[in-house]
Amino acid sequence: MPSSPDLSLDRMSKGKIPGKESGIEVRKTICSICNPLSHCGIDSYVRHGVVIKVEGTKENPHNEGTICSKGAASRQYIYHPDRIRTALIKKGDRDSGQFEPISWEEALDIIANRLLGIKVETGPESVAFYAGYPKWMRPFLKRLAHSFGSPNYCSESSTCSAGALMASKLNYGVAGRPEIEKSRCLLVWSTNPFYSNTSPARKLLEVVERGVRIIEVGPLITPLTAHAHIHLRIRPGTSGALALGMAHVIIEEGLFDKDFVRDWTVGFEEYRVYVREFPSHVTEQITGVSAALIKEAARLYATTKPAGMLNGPNATVHHTNGIQNHRALTALIGLTGNFDTEGGNYVNPPSYLYVPNGVVTRQHQFEQSRPWEEMPPRIGQDLYPAWCQLIPEAQAIHLPSQIRTRSPYPVRAILAFGMNHRMWPGSDSMREGLKMLDFLVDVDLFMTDTARLADLVLPACSSFERSELKFYPEQYAIWTSPVIEPLGDSRPDIDIILDLAARLAPDDLLLQKGYEDCMDWILGPAHLKVADLKRYPGGYELKDIRMPPYRKYEKSGFSTPSGKMEFTSLILKQAGLDPLPRYQEPRLSPRSAPDLAREFPLILTTGARLPMYVHSRTFRVPWLRSLHPDPTVDINPVDAEERGISPGDWVALSTSRASIRVRANLTEIVPPGTINIYHGYPGADVNQLIEPDYVDPISGYPGFKSLLCEVRKTT
Ligand SMILES: Nc1nc2c(c(=O)[nH]1)N[C@H]1C(S)=C(S)[C@@H](COP(=O)(O)OP(=O)(O)OC[C@H]3O[C@@H](n4cnc5c(=O)[nH]c(N)nc54)[C@H](O)[C@@H]3O)O[C@H]1N2
Ligand SMILES: Nc1nc2c(c(=O)[nH]1)N[C@H]1C(S)=C(S)[C@@H](COP(=O)(O)OP(=O)(O)OC[C@H]3O[C@@H](n4cnc5c(=O)[nH]c(N)nc54)[C@H](O)[C@@H]3O)O[C@H]1N2
Ligand code: SF4
Ligand SMILES: [Mo]
C-alpha cells in the first residue's frame, strides 16, 4: 500500500514547499543580471522575508520556466557579502578606499550642494550623468540630467548596441530586426545568443528544427555553428569586406531587388562601382573565407525569400572601421529587398527599455525634458558629430579624454549608476581620469573597484527588492513588487534619482510627482496604468496591440535626409566623412600594421560572451566562479604548439601597450592566428592592453574585437 505523503512541517520546509504551514510564499519578480532582451520571470520562494529558492516562472511566455546558471545563483548574487548596505562617504583622498557610513539625507544633501555649486561655477554641462550596463533607471536619470540642464547623459551604450543602431540609421533612418519565426533563411552575423541571450536562443533552435537555412558569420565556432549550413569564418574586423564581396556577387548575378533599389534608394550607382573592388578572390584574401563559400552564401541569402539578418549588438562595430563595417552588411538587407518585410528585417521600434512589442509609450519624450538646442554641446560632439545627430546621448568613451583636456569645456563631476571603469579601452586611463574629477558619486549594489574611487557611494538594491515595469516581446508585461525588503539601507535607483530631483531639478514638476505618476505618464498613449498592472503580480498579457505594418516606408519614406535608403550617406558626407560604406583595414591588423605584426603576430578579439559571466557582475558569485575559476585565453592548438604552450599553462598576453597573465585554453573554437579573451576579469583586465584612442573615427566606438597581440609562456 502506498504510504500517505509526509506533510510534516519539517519535511515541507526542507522540501521548500509553499503553504501556510511551512510559511513559504511564492512571489513573482524578474532577474536582471543579464540583458534586457532576457530578464527572465522568476518565482522566488520567500520565508521570513528571505529568498530561500528561485525557479523560472512557467507562465511567463518569455522564459517559460527556464533560467540559466546565473539566474539559478540569484541568492548568492543578492545576498553577497560585498553588497553595500549603507550610504558611504570617503575618508581621506580618492585612492584611500576608506569610507564611513552617512545617513541618506546627509548624503543626498552633500551631492546636491556639490553638483549645484559646480553648475554655478562652470555650467551644468560640467556634470555628467552616467548609467553603466544596468538599464531600468535610465529614463529617469536622463530626464534628471536634462532637467538639471546638462546634455551629458551617457551610458554603456557608447560601447554596446548604439553603434549598430547608428550604422543602420545612416542607411535606413531606423533599424529592423529579423522575424526569426517567419524567415526561410537567417544570416546570423556575429552573435551567439546561446551564451548571450538564452530565451531567443530557444526560438532559434525551433527554426533550425523547421529547416530554416542558416548562414553564420563570425571568427569563432559557437553552439549555432553545428546547425549552420554555411559558416563564414572571417578574420576579425573584416565584416565590411565580406559584405561588399557578397554585394558584388548579388549585383553581378542580378540577384538584387531591382524595384526596391530603383524606387527607394540613393547612391546605388556609386555603390555598384565601388563593390567591383571586391570580387570573390579579393574578398577571400581579405577575409580568409574561400571565394566559393562567399558566392554560395551570397546566392543563398539573396534567393531565399524571405531572409532575415540577425546581428549581434556590437561584434561588428567593435572595430576601428566598425560603423562602415556595419553599414556594409546592413546594406545587404535593402539590396535583397528584405527591409521591413514579413520574415525579413521588420521595423518595430522599442516600446520601453529596448523591448519591441507594439506598445506605444512616451519614453523618449519623458527623457528629453529639454531640447538639445537649449543645452550646450555634448561630450564628444566635436569629434563625433554624426553620433550626436543619431544617438540621443553623449559619447561616454570620450569621458576620460575630456576630463583630462578640459576641452572644449571641463567635465568636473559624474553622478554614476553602476559605473565600471574596466568597460573602457585603456581602462587604467579611465581610472586615472576619474581620480582627476572634483566629485564622483557611484550608486551600485557592490563595493566595486570603481566605487572605491568615489567621494560618495550609495547602495542600490536588486530587482528582487524593487518595483519595475518589464515588457517582453511576446506582448506580455509585468509590474513587479519587491519580493523582499531592500537589504540594509539600500534603495531602488529610481527612488534615489527622484530624491535627487527634488534637490537638483525642483522645477521639473513631473519628476516631483513620483515614480508611479511618471510611469503612468510614460504609458499614457498605451492606456496602461501602474495601478492596473499591479493587479497581475505574475504578469499581464497585453491585448489588442496593433503591430506596425510592413513596408512603412511606402507611406512615409525613410527617415534619412533623402527620404530613401542611402547607399551613400548624406549625414556622413556633411560630416566630411566617406558616404560609401568603404572598407578599411582595422588600424592594427597584419595587413595595416605589418611592422607591429612581426612582434605581435596574433589577432586579438575580446569580449565574446561566456555563459556564466556578465561583464564585472558575476565573478564574485561562488557557484558561477567555480564554473570558470581562472582568466583564460582561447588559443588554437597550432599557435600553442609553435609557442610551446600546453593546456592550462599560465601565459602572458601582450600588446604593445601592456601585458596580463592568464591561462591558456587550447581550443579549435578560435581559428589559427586568432586569440579570444573575455573582458573584465578581475586581475586580468584585457582593456588595459588597448589604447584609449583605439576607436572608430565616426562613432568613437572602441576597437575591442580586432587588434594585434602575442602570447608567451610564463610562470
Ligand atoms: N552571459 C552573458 N550574456 C550577455 C552578456 C555577458 O557579458 N554575459 N553581455 C550582454 C551584452 S552587454 C551584450 S552587448 C551581448 C553581446 O551578445 P553577442 O553579440 O551575442 O555576443 P558575443 O559573444 O560578444 O559575440 C558573438 C560573436 O561575435 C563574433 N565575433 C568576434 N569577433 C568578431 C569580429 O571581429 N568580427 C565579427 N564580425 N564577429 C566577431 C564571434 O564569432 C562571437 O561568437 O550579450 C549580452 N548577454
Ligand atoms: N574588451 C571588451 N570590453 C567591453 C566589451 C567587449 O566585448 N570587449 N563589451 C562592452 C559592452 S557591450 C558592454 S555592455 C560593457 C559592459 O558594461 P558595464 O557597465 O561594465 O557592465 P556591468 O559590469 O555589468 O555593470 C556595471 C556595474 O553596474 C552594477 N549594477 C548592476 N545592477 C545594478 C543596478 O540595478 N543598479 C545599479 N546602480 N548598479 C547596478 C554592477 O554591480 C556593476 O558594478 O562593456 C564593454 N566593454
Ligand atoms: S541571467 Fe539568466 S536567468 Fe537572469 S535574465 Fe539572464 S538568462 Fe535569465
Ligand atoms: Mo553590451
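Residues numbered from 1 in each chain as written. Chains lettered and ligands numbered in written order. Predicted model: local features only at pLDDT ≥ 70, side-chain atom pairs only at ≥ 80, totals over all residues. Heavy atoms only, no water.

**Topic: the pattern of salt bridges**
- Counted according to the given criterion, the structure contains 48 salt bridges.
- D263 is paired through a salt bridge with R262; the nearest N and O atoms lie 2.9 Å apart.
- On the basis of relative accessibility, which here comes to 55%, the residue R262 falls in the exposed class.
- Close ionic contact of R598 with D595 constitutes a salt bridge, the shortest N to O distance being 2.3 Å. Residue R598 and its partner D595 are located together in helix α25 (residues 594–599), separated by three residues, close to a single helical turn.
- On the basis of relative accessible area, R598 is assigned to the exposed category, the value being 64%.
- Accessibility expressed as a relative area gives 58% for D595, which makes it exposed.
- In this structure, a network of salt bridges that share partners links the residues D95, R431, E432 and K435. (Salt bridge = Lys/Arg side-chain N within 4 Å of Asp/Glu carboxyl O. Buried < 20%, exposed > 50% of the residue type's maximum accessible area, 1.4 Å probe, protein only. Helix = DSSP H or I, 4+ residues; strand = E, 2+ residues; numbered from the N terminus.)

**What about the nonpolar core?**
- In terms of nonpolar packing, the biggest core is built from 105 residues, with F140, F471 and L653 touching the most fellow members.
- Beyond its immediate sequence surroundings of up to four residues, F471 is in contact with S351, Y352, V355, N357, V359, T361, Y476, A477, L523, L528 and L542. (Core = buried A, V, L, I, M, F, W, Y, C linked by side-chain atoms within 4.5 Å. Contact = heavy atoms within 4.5 Å.)

**Here we look at the side chain of H679**
- Examined against the element boundaries, H679 turns out to sit in the loop between β26 (674–677) and β27 (707–713).
- Its relative accessible area of 13% is what places H679 among the buried residues.
- A polar side-chain atom of H679 sits 2.7 Å from a polar atom in the side chain of H615. (Polar contact = N/O pair within 3.5 Å; in protein donor to acceptor, adjacent residues only side chain to side chain.)

**So, the site of ligand 1**
- Residues in close proximity to ligand 1 total 34 residues, the closest being S190, T191, S196, Y613 and Y678.
- In this structure, N35 approaches ligand 1 through a side-chain N or O atom, which is 3.4 Å from a nitrogen atom.
- Within the side chain of H319, one N or O atom sits 3.2 Å away from an oxygen atom of ligand 1.
- Notes on ligand 1: free accessible area 910 Å², of which the protein chains cover 98%.
- Looking at which domains feed residues into the shell around ligand 1, each of domain 3 (162–351 + 560–574) and domain 4 (594–713) supplies at least three. (Near = heavy atom within 4 Å. Areas by Shrake-Rupley, 256 points an atom, 1.4 Å probe, with all protein chains shown as cover. Domains from an automatic or database assignment.)

**Regarding empty space enclosed by the protein**
- Counting across every chain of the model gives three cavities of 30 Å³ or more.
- Space inside the second largest cavity adds up to approximately 60 Å³.
- What lines the second largest cavity is simply P36, H39, K135, W136, L353, E468, L469 and K470.
- In the lining of the second largest cavity, the residues fall into four nonpolar, one polar and three charged. (1 Å grid on protein atoms, 1.4 Å probe; cavity = no way out; pocket = protein on both sides within 12 Å on 5 of 7 lines; lining within 4 Å. Points joined across faces, edges and corners; volume = space filled by probe spheres on them. Nonpolar A, V, L, I, M, F, W, Y, C, P; charged D, E, K, R; others polar.)

**Some points on the state of the cysteines**
- Per the stated rule, a full pass over the model turns up zero disulfides.
- The thiol of C518 is not disulfide-bonded; the next cysteine sulfur, from C461, is found 18 Å away.
- With relative accessibility at 0%, the residue C518 sits in the buried group. (Disulfide = S-S within 2.5 Å.)

**Some words on the site of ligand 2**
- Surrounding ligand 2, one finds 33 residues, the nearest of these being D444, D493, S616, R617 and N687.
- In this structure, an oxygen atom belonging to ligand 2 sits 2.8 Å away from a side-chain N or O atom of N420.
- Measuring from a nitrogen atom of ligand 2, one finds a backbone N or O atom of V443 at 2.9 Å.
- Within the complex, the protein chains bury 98% of what would otherwise be the 910 Å² of accessible surface of ligand 2.
- When the residues that make up the shell around ligand 2 are grouped by side-chain class, the tally is 13 nonpolar, 13 polar and seven charged.
- Lining the shell around ligand 2 are residues from two domains, each supplying at least three of them: domain 2 (88–156 + 357–461 + 489–507) and domain 4 (594–713).

**Here we look at the packing of helix α12 (residues 280–287) against helix α13 (residues 291–303)**
- At a closest axis distance of 8 Å, the pairing of α12 and α13 adopts a crossing angle of 110 degrees. Classed by the angle they form, the pair α12 and α13 counts as roughly perpendicular. The element α12 and its partner α13 pack so that their crossing is right-handed. Listed contacts from α13 to S280, H281, T283, E284 and T287 of α12 are A291, I294 and K295.
- Grouping the amino acids of the contact of α12 with α13 by side-chain chemistry returns two nonpolar, four polar and two charged. (Axes fitted to C-alpha atoms, helices over the stretch in contact; angles between N-to-C directions. Parallel < 35°, antiparallel > 145°, perpendicular 65-115°, else oblique. Left-handed = near helix turned anticlockwise from the far one by under 90°.)

**Topic: the pairing of strand β13 (residues 307–311)**
- A large share of β13 lies buried, amounting to four of its five residues.
- Here strand β9 (residues 185–189) pairs with β13 via five bridges, running parallel. For L187, the partnering residue across the bridge sits in β13 and is M309. (Pairing = 2+ DSSP bridges.)

**Section: the pairing of strand β24 (residues 650–654)**
- With four of five residues buried, β24 lies mostly within the body of the structure.
- Pairing geometry for β24 and strand β25 (residues 659–666), over five bridges, is antiparallel. The partner of W650 across the bridge, within β25, is R663.
- Hairpin connection from β24 to β25: four residues lie between these consecutive antiparallel strands.
- Across four bridges, the pairing between β24 and β27 is antiparallel. Residue pairing in the sheet places V651 in a bridge with K713 of β27.

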